[in-house]
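Chains, contacts and geometry: an overview
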Amino acid sequence: MNTYLSSDYLFEIASGTTYQEYYLYVAFALIALPIILKVYFTIRNERAPYKSFDRLWFWGYLMIGVLGLFIWFSRDQGLPLFGTRLASYAWLSTIFIYLGYLLYYYKKKVTKDVVRHYEKSRKEKYLK
């Protein structure tokens, strides 16, 4: 375990590893899925109370995906700072940390906004 936590291992340029192409696949998925979902939700046009949340997850995961492409390119080309294992681990942990933040934001803020939106639309329907 000390080997994997040493600074020599974490700051070593990790190029040519066995599963390096999976960084590319995950990065493309983090770019393609938000775009596909955004187009789908735009066509459906039923997401009025979720606009702030949609903006948050769309731009967040799109930027994390672009950063992932940069990390993959850095690993592939052996760039000294962003091609290290530490940068890769930081990028992978960013995905899950952002997911946790989105779940927290959805639970705390979005549910209240949705209830407020439907309550307002119900009142407008019957109290004209």
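The model shown is predicted, which means the values in this text are computed figures rather than measured ones.

The end-to-end C-alpha distance of helix α4 (residues 85–126), which contains 42 residues, comes to 60 Å, matching closely the 62 Å that a straight helix rising 1.5 Å per residue would cover. If you look at α4, its biggest bend is around 40°, right at Y106. The complete set of buried residues in α4 reads R85, A87, S88, W91, I95, Y98, L102, Y105, V110, D113 and V114.

Here the focus is the confidence of the model for the chain. On average, the chain scores 87 in pLDDT, and the residues at 70 or more come to 98%. By mean pLDDT, helix α1 (residues 7–10) is the weakest element of the chain at 83, and helix α2 (residues 21–44) is the strongest at 92.

Here the focus is the packing of helix α3 (residues 51–77) against α4. Taken N-terminus to C-terminus, the directions of α3 and α4 make an angle of 180°; their axes are 11 Å apart at the nearest point. When the axes of α3 and α4 are compared, the pair comes out roughly antiparallel. Of the residues that constitute the contact of α3 with α4, the class distribution is 17 nonpolar, 5 polar and 2 charged.

On to the packing of aromatic side chains, then. Taken as a whole and assessed by the stated rule, the structure comprises 14 aromatic pairs. Seen in terms of ring centroids, Y50 and Y106 are 6.5 Å apart; in terms of plane orientation they differ by 5°. Their pairing is stacked. Residue Y50 is located in the loop between α2 and α3, and its partner Y106 is located in helix α4; the two are separated by 56 residues in the primary sequence. Of the residues examined, Y50 reaches a relative accessible area of 16% and is grouped as buried. A residue is classified by how much of its surface remains accessible, and Y106, at 33% relative accessible area, is partly exposed. Relative to F82, the ring of F70 lies with its centre 5.0 Å away and its plane at 65°, an arrangement referred to as edge-to-face. With F70 in helix α3 and F82 in the loop between α3 and α4, the pair connects residues that are 12 residues apart, well separated along the chain. Judged by relative accessible area, which is 35%, F70 ranks as partly exposed. The positively charged end of R85 is found above the aromatic ring belonging to Y9, 4.1 Å away from the centroid.

Cut-off values and rules
- Residues numbered from 1 in each chain as written.
- Predicted model: local features only at pLDDT ≥ 70, side-chain atom pairs only at ≥ 80, totals over all residues.
- Heavy atoms only, no water.
- Helix = DSSP H or I, 4+ residues; strand = E, 2+ residues; numbered from the N terminus.
- Expected span 1.5 Å × (residues − 1).
- Bend = angle between axes of the 7 residues up to and from the residue.
- Buried < 20%, exposed > 50% of the residue type's maximum accessible area, 1.4 Å probe, protein only.
- pLDDT = per-residue confidence, 0-100.
- Axes fitted to C-alpha atoms, helices over the stretch in contact; angles between N-to-C directions.
- Parallel < 35°, antiparallel > 145°, perpendicular 65-115°, else oblique.
- Nonpolar A, V, L, I, M, F, W, Y, C, P; charged D, E, K, R; others polar.
- Phe/Tyr/Trp six-rings, centres within 6.5 Å; stacked < 30°, edge-to-face > 60°.
- Lys NZ or Arg CZ within 6 Å of the ring centre and 35° of its normal.

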